[in-house]
Amino acid sequence: MKLIRFGKVGQEKPGVVTEKGKKLDCSAFGSDWTAEFLGKGDNLQALKKWLDGHADECPEIAEGERLGSPVPYPSKIMCVGLNYSLHARESGMDVPKQPVLFMKATSSLSGPFDPIIIPKNSKATDWEVELAIVIGKKASYVSESEAMDHVFGYVLHNDVSERDFQLNHGGQWVKGKSCDSFAPVGPYLVSRDEITNPHDLRLWLKVNGKIMQDSNTSDLVFNVPQLVSYISQYMSLLPGDIISTGTPAGVGMGLKPPTYLKAGDVVELGIDGLGVSRQRVEDWK
């Protein structure tokens, strides 16, 4: 299934996208797509069964309605750095022998078509298209063979990054990753059963209509079960948690000369089966 959330910021309601592409308001189902919903194994089947009998009664969502993040209030957004070999090379770093982990503040979460706000004092706001995993069952010390049982599904994520904050302000990368609007997620959360092979998906990103990133998840250094298993050795992954699996080559920092986002730019990105998102860039005010 494709789960969406729609409405004004902070007032989002639950919905779905049907096989025919219709967006339906599922408020009458009685549950938002919270951690409690995602973490109960039979809830997705219950929703499917409910829709079989009630889809015709669900209001259709207006075409211009704002979409929010399909995953509300994750307890954490975990990110994996340098997880594509060519991106590690363009960053001037070695391909890691173990996953490079960092966190992104949950306050950076935004909708797939919300603007990217260049933060105050920014010098180098950059783009990163990424496949993100959404956890559906608590994972603690799980093996790679068990890991996929803990995955609810996948979302498209733009891991927006301020490189000056990230690399020159001391400490960890989190400073350059956590500004407001730096985690546009969606348009929808796609359940695991809809993605036959998460390791063979084209992912791409354009800036002002020009392709900047164009790769395939087959180039991941560490794959989905490896990441879920590895991270679960250090912390419990909870339903609704997001793991962003890294970005391929083609980020602004890797260009010669480096090129960064400015007000008025338009970023568009997509992944096979996970839809397309689009963000206009605005200055902080």
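Cut-offs applied
Residues numbered from 1 in each chain as written. Predicted model: local features only at pLDDT ≥ 70, side-chain atom pairs only at ≥ 80, totals over all residues. Heavy atoms only, no water. Core = buried A, V, L, I, M, F, W, Y, C linked by side-chain atoms within 4.5 Å. Buried < 20%, exposed > 50% of the residue type's maximum accessible area, 1.4 Å probe, protein only. Contact = heavy atoms within 4.5 Å. Helix = DSSP H or I, 4+ residues; strand = E, 2+ residues; numbered from the N terminus. Polar contact = N/O pair within 3.5 Å; in protein donor to acceptor, adjacent residues only side chain to side chain. Pairing = 2+ DSSP bridges. Axes fitted to C-alpha atoms, helices over the stretch in contact; angles between N-to-C directions. Expected span 1.5 Å × (residues − 1). Arc of directions from axis to C-beta. Phe/Tyr/Trp six-rings, centres within 6.5 Å; stacked < 30°, edge-to-face > 60°. Lys NZ or Arg CZ within 6 Å of the ring centre and 35° of its normal.

Caption draft 1: Examining the nonpolar core more closely. One finds Tyr 154, Leu 205, Val 228, Ile 243, Ile 271 and Leu 274 to be the most contacted residues of the largest nonpolar core, which totals 47 residues. Apart from residues no more than four positions distant in its own chain, Val 228 is found in contact with Ile 133, Ile 135, Ala 139, Val 142, Ala 147, Val 151, Leu 237 and Ile 243. The next biggest cluster of nonpolar side chains, apart from the first, holds 28 residues, and it includes Phe 37, Leu 82, Ala 88 and Leu 189.

Caption draft 2: Structural detail: the side chain of Gln 166. Take Gln 166: it is sitting in helix 5 (residues 163–168). Given the relative accessible area of 6%, Gln 166 is considered buried. Engagement of the side chain of Gln 166 in a polar contact is seen with the side chain of Arg 163, the distance being 3.0 Å. Other than its neighbours up to four places away in sequence, Gln 166 contacts Ser 161, Gln 172, Trp 173, Gly 176 and Lys 177.

Caption draft 3: Region of the structure containing the sheet that holds strand 9 (residues 129–135). Strand order across the open sheet formed by nine strands is 3-2-1-13-10-9-16-4-5, with mixed pairing between neighbours. Each edge of the open sheet is held by one strand with a lone partner, namely strand 3 (23–25) and strand 5 (100–104). Between one strand and the next, the sheet's axes are offset by a mean angle of 30 degrees, whatever the strand orientation. As judged from the two bridges shared by strand 10 (residues 151–158) and strand 13 (residues 189–191), these two strands associate in the antiparallel manner.

Caption draft 4: Helix 2 (residues 43–54), seen in detail. Here helix 2 spans 16 Å end to end across 12 residues, near enough to the 16 Å set by a 1.5 Å rise per residue. Where helix 2 is concerned, the buried positions are Asn 43, Leu 44, Leu 47, Trp 50 and Leu 51. When helix 2 is viewed along its axis, its buried side chains cluster within an angular range of 120 degrees and face the same direction. For helix 2, the exposed residues set more than 90 degrees away from the buried face come down to Lys 49 and Asp 52. Where helix 2 is buried, its residues meet strand 1 (2–6), strand 2 (13–17), helix 1 (35–39), strand 10 and strand 13.

Caption draft 5: Representation of unusual backbone geometry in the model. The omega angle of the peptide bond from Lys 256 to Pro 257 is -5 degrees, so this bond is cis rather than trans. Tracing the backbone through its elements, the reader meets Pro 257 in the loop between strand 16 (242–244) and strand 17 (266–271). Non-glycine residue Tyr 73 carries a positive phi angle of around 55 degrees. Inspection of the secondary structure assignment puts Tyr 73 in the loop between helix 2 and strand 4 (77–81). The phi dihedral of Asn 121 falls on the positive side, at around 70 degrees, and the residue is not glycine. Among the secondary structure elements, Asn 121 is positioned in the loop between strand 7 (116–118) and strand 8 (125–126). Classification of Asn 121 as exposed rests on a relative accessible area of 61%.

Caption draft 6: Layout of the packing of aromatic side chains. If you walk through the whole model with that rule in mind, you get six aromatic pairs. When the centroid spacing of 6.2 Å and the interplanar angle of 85 degrees are considered together, the rings of Phe 29 and Phe 37 count as edge-to-face. Just as Phe 29 is buried, Phe 37 falls in that class too. The interplanar angle of 50 degrees and the centroid separation of 5.2 Å between the aromatic rings of Tyr 230 and Tyr 234 together place this pair among those described as tilted. Relative accessible area serves as the criterion here: at 19%, Tyr 230 is assigned to the buried category. Taken together, the ring pairs in this structure connect Phe 29, Trp 33, Phe 37 and Trp 50 into an aromatic cluster. When the ring centre of Tyr 188 is taken as origin, the NZ or CZ atom of Lys 2, which lies over that ring, is 5.7 Å away. Here the guanidinium or amino end of Lys 206 rests over the ring plane of Trp 204, the centre of that ring lying 5.5 Å away.

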